[in-house]
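Summary of structural features
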Amino acid sequence: MNDRKEAEVRRLLEAPPHPRVPDDLVARAVARGGRRLRHARAVRRAGWLLLTAAGIAFAVWASAAEPWTPPPSGTTPVVEGF
């Protein structure tokens, strides 16, 4: 049993080292991160722009339609004789 463990340890120690990391990996990661940040910023700006446009459209509609006023009552009969 010791021979098997020792053989396994020797195999691990004699194994070739891990593969090399490409030299331009950091530069590519920085570029990709920059693109992701710019994309996220553009999406955030578009969202705020859409929310602002919706708010302005609602304010214009509300000022024109005045939904807070009750509708005129056309069902009440005219009262006569008082």
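Reading the values: the criteria
- Residues numbered from 1 in each chain as written.
- Predicted model: local features only at pLDDT ≥ 70, side-chain atom pairs only at ≥ 80, totals over all residues.
- Heavy atoms only, no water.
- Helix = DSSP H or I, 4+ residues; strand = E, 2+ residues; numbered from the N terminus.
- Expected span 1.5 Å × (residues − 1).
- Phe/Tyr/Trp six-rings, centres within 6.5 Å; stacked < 30°, edge-to-face > 60°.
- Buried < 20%, exposed > 50% of the residue type's maximum accessible area, 1.4 Å probe, protein only.
- Patch = residues over 30% accessible without salt bridge, like charges linked within 9 Å, V, L, I, M, F, W, Y side chains within 5 Å.
- Areas by Shrake-Rupley, 256 points an atom, 1.4 Å probe, with all protein chains shown as cover.
- Salt bridge = Lys/Arg side-chain N within 4 Å of Asp/Glu carboxyl O.
- Lys, Arg positive; Asp, Glu negative; His and termini not counted.
- Charge placed at Lys NZ, Arg CZ, Asp CG, Glu CD.

1. Details of helix H2 (residues 25-65)
Counted at 1.5 Å a residue, the expected span for H2 with its 41 residues is 60 Å, and the 59 Å between its end C-alpha atoms agrees. Of the residues trailing H2, Glu66 is marked for its positive phi of about 45°.

2. Some thoughts on the packing of aromatic side chains
Across all of its chains, the model carries one aromatic pair by this definition. Ring plane angle 40° and centroid distance 5.8 Å describe the contact between Phe58 and Trp61, whose orientation is recorded as tilted. Linking Phe58 with Trp61, this pair stays in helix H2, spanning three residues, or about one helical turn. Given a relative accessible area of 46%, Trp61 falls into the partly exposed group.

3. A look at a positive patch on the surface
Positive charge collects at one region of the surface, where Arg32, Arg35, Arg36, Arg38, Arg41, Arg44 and Arg45 lie side by side. By the secondary structure assignment, Arg41 is in helix H2.

Shape descriptors only; they carry no functional weight alone.
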